[in-house]
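Residues per chain are reported as follows:
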2 protein chains.
Amino acid sequence: MYSSNALKAVLNEKGWRLTPQRETILTAFQRLQKGKHLSAEDLYELLEQQETPISLSTIYRNLKLMSHMGILRELEFAEDHKHYELNQPSPNHHHHLICVKCNQAIEFKSDPIQKVGKSKAKQAGFHLLDCQLTIHALCPRCKKPAKSAS
Amino acid sequence: MYSSNALKAVLNEKGWRLTPQRETILTAFQRLQKGKHLSAEDLYELLEQQETPISLSTIYRNLKLMSHMGILRELEFAEDHKHYELNQPSPNHHHHLICVKCNQAIEFKSDPIQKVGKSKAKQAGFHLLDCQLTIHALCPRCKKPAKSAS
DNA sequence: AAACTTATTGCGAATAACTCTGATTAAAAT
DNA sequence: ATTTTAATCAGAGTTATTCGCAATAAGTTT
Ligand SMILES: [Mn+2]
Ligand SMILES: [Mn+2]
Ligand SMILES: [Zn+2]
Ligand SMILES: [Zn+2]
């Protein structure tokens, strides 16, 4: 959970600046209910309703920046757009089981997987940002019967 | 490794048809060198060069269909488009460590992860299509120094 | 505190990955 | 051989995301 100052610190370290927009975006994700994920458009509308609007291009730019920094994680469930959520450490870090047809997502945790992620990244000399097991599947409702005879 | 007949069988089971285009696409992936992945556009160009061209819309439709069937897997490394590869069973099944900046991808195997995937899907009553651990990271070359003084 | 540098914003236009439409073709069933 | 309807192709259309640029303001230097 980044405080405003912590956010400033990690931004400035790279030469980036702390802007009100960036704080607003981070706060929106921190306040988000567990299990919820936001698309760029979702966030845009949420902030509009909150009376703290931010332009869509700024939202896109910062969602990408904050994901690349490891503050947010980019999720690819829905067919045509990305979703985002906070990239949280160990006790809250989780993975997703998703139905490729209706996009329903179920979250679950797994420490062993996190360990694999850390060790593989280290082994290859990479700086780990996020590791996520994504299980693509068909939910009970979407796995239809083979084909009903005439 | 699907034979032409096996492909026909799984297609017909759902009321789909075996077309020369579908065979061509599957064959292209089966011939693909280990560690390689194709985007829709890549495949389009490959087939054009092979003198077995297929229209782009047909390619898109079938990449999606075959992914939803579990024959191919959809990978999300590059920023703006998907990549595909064969969805192979246990001895060849693998995961990816990718650099979010330059999109370099390293493959690795892990049976424990596959087990987690299978058990979680079963537990929730989902029909498993594919499970992939994606490790987002910065490769050695892309993790630049913090900021060089003037 | 004022001046300075340049990262960031917002707007609208542009891009490009992907989807849709509708006429034509051709699998599979009868 | 005939019938049914899924699939293909080409091109138009959609839309998530990016880009360009003038205006603004964060952080730094004086
Ligand atoms: Mn989640
Ligand atoms: Mn691969
Ligand atoms: Zn479903
Ligand atoms: Zn890299």
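Here the structure is a predicted model, which means the values were calculated and not measured. (Residues numbered from 1 in each chain as written. Chains lettered and ligands numbered in written order. Predicted model: local features only at pLDDT ≥ 70, side-chain atom pairs only at ≥ 80, totals over all residues. Heavy atoms only, no water.)

Visitor: Provide a residue-level description of the coordination of the manganese ion (ligand 2), including the pertinent values.
Guide: Residue and element names in this part refer to chain B. The coordination sphere of the manganese ion (ligand 2) contains the protein donors His 37 (NE2), Glu 85 (OE), Glu 85 (OE), His 94 (NE2), His 96 (NE2) and Glu 107 (OE), at a distance range of 2.1 to 2.8 Å. Here the manganese ion (ligand 2) binds six donor atoms, and the angle range of 50 to 170° at the metal identifies the geometry as irregular. Positions of the donor residues of the manganese ion (ligand 2) along the chain correspond to the pattern H-x47-E-x8-H-x1-H-x10-E. With His 37 in the loop between helix H2 (20–31) and helix H3 (40–49) and His 94 in the loop between strand E2 (83–86) and strand E3 (95–99), this residue pair connects regions lying 57 residues apart in the sequence. Here His 37 and His 94 have matching classes, each one buried. (Donors = N, O, S within 2.8 Å, 3.2 Å for Na, K, Ca; no water. Tetrahedral: all angles 85-135°; square planar, octahedral: opposite > 155°, others 65-115°. Helix = DSSP H or I, 4+ residues; strand = E, 2+ residues; numbered from the N terminus. Buried < 20%, exposed > 50% of the residue type's maximum accessible area, 1.4 Å probe, protein only.)

Visitor: I'd love a proper account of the protein's contact with DNA strand D, names of residues and values included.
Guide: Surrounding DNA strand D, one finds 22 residues, the nearest of these being Tyr 60 and Lys 64 of chain A together with Gln 21, Arg 22 and Thr 58 of chain B. Lys 64 of chain A places a side-chain nitrogen or oxygen 2.8 Å from a phosphate oxygen of DNA strand D. Within the side chain of Asn 62 of chain B, an N or O atom sits 3.3 Å from a phosphate oxygen of DNA strand D. Within the residue set of the surface near DNA strand D, elements represented by two or more residues are helix H1 (4–13) and helix H4 (56–69) of chain A together with H2 and helix H4 (56–69) of chain B. Classifying every residue of the surface near DNA strand D by side-chain character gives five nonpolar, nine polar and eight charged. (Near = heavy atom within 4 Å. Polar contact = N/O pair within 3.5 Å; in protein donor to acceptor, adjacent residues only side chain to side chain. Nonpolar A, V, L, I, M, F, W, Y, C, P; charged D, E, K, R; others polar.)

Visitor: Mind laying out the coordination of the zinc ion (ligand 4), listing which residues take part and the relevant values?
Guide: All names here are of chain B. The zinc ion (ligand 4) binds to the protein through Cys 99 (SG), Cys 102 (SG), Cys 139 (SG) and Cys 142 (SG), with metal-donor distances spanning 2.2 to 2.3 Å. Seen from the zinc ion (ligand 4), its four donor atoms lie at angles of 101 to 113°, and the figure they make is tetrahedral. In terms of primary sequence, the donors binding the zinc ion (ligand 4) are separated according to C-x2-C-x36-C-x2-C. According to the relative accessible area criterion, Cys 102 is partly exposed, its value standing at 38%.

Visitor: So what about the relation of the copies chain B and chain A? Which residues, and what values?
Guide: Comparison of the two chain copies shows a relationship of rotation about an axis with a shift along it. Screw-axis analysis of chain B against chain A gives a translation of 0.0 Å along the axis, an RMSD of 0.1 Å, and a rotation angle of 180°. Between the two chains, the operation in question is that of a two-fold axis. Closest to the rotation axis within chain B is the C-alpha of Leu 133 of chain B, separated from it by 2.0 Å. When you check the interface residues of chain B against chain A, 100% turn up at the interface there too, and the contact is symmetric in its surfaces. (Least-squares fit on C-alpha atoms with pLDDT ≥ 70 in both. Contact = heavy atoms within 4.5 Å.)

Visitor: Can you explain unusual backbone geometry? Please cite residues and give values.
Guide: Residue and element names in this part refer to chain A. The phi dihedral of Glu 51 is positive, around 70°, even though this residue is not glycine. Residue position: Glu 51 is located in the loop between helix H3 (40–49) and H4. Assessed through its relative accessible area of 69%, Glu 51 is described here as exposed.

Visitor: Can you break down the protein's contact with DNA strand C residue by residue, with the values?
Guide: Inspection of the region around DNA strand C gives 21 residues, with Gln 21, Arg 22 and Thr 58 of chain A together with Leu 18 and Lys 64 of chain B positioned closest. For DNA strand C, the backbone portion of the atoms within 4 Å of the protein, that is sugar and phosphate, comes to 70%. A distance of 3.3 Å separates a phosphate oxygen of DNA strand C from a polar atom in the side chain of Asn 12 of chain B. At the level of secondary structure, the elements contributing two or more residues to the surface near DNA strand C comprise helix H2 (20–31) and H4 of chain A together with helix H1 (4–13) and H4 of chain B. Among the elements that make up the surface near DNA strand C, the one with the highest residue count is H4 of chain A (four residues). Of the residues contributing to the surface near DNA strand C, the split by class is four nonpolar, nine polar and eight charged.

Visitor: Before we move on, could you go through the pattern of salt bridges and cite the residues and values that matter?
Guide: Throughout the structure, instances matching the rule amount to six salt bridges over all chains. With its nearest N and O atoms 3.0 Å apart, the salt bridge here joins Arg 73 of chain A to Glu 85 of chain A. Within this pair, whereas Arg 73 of chain A is found in strand E1 (residues 72–75), its partner Glu 85 of chain A is found in strand E2 (residues 83–86), the two being separated by 12 residues in sequence. For the pair shown, Arg 73 of chain A and Glu 85 of chain A are each scored as buried. Salt-bridge contacts for Lys 82 of chain B lead to Glu 74 of chain B; the nearest nitrogen and oxygen are separated by 3.9 Å. Residue Lys 82 of chain B is classed as partly exposed on the basis of its relative accessible area of 23%. For Glu 74 of chain B, a relative accessible area of 12% translates into the label buried. (Salt bridge = Lys/Arg side-chain N within 4 Å of Asp/Glu carboxyl O.)

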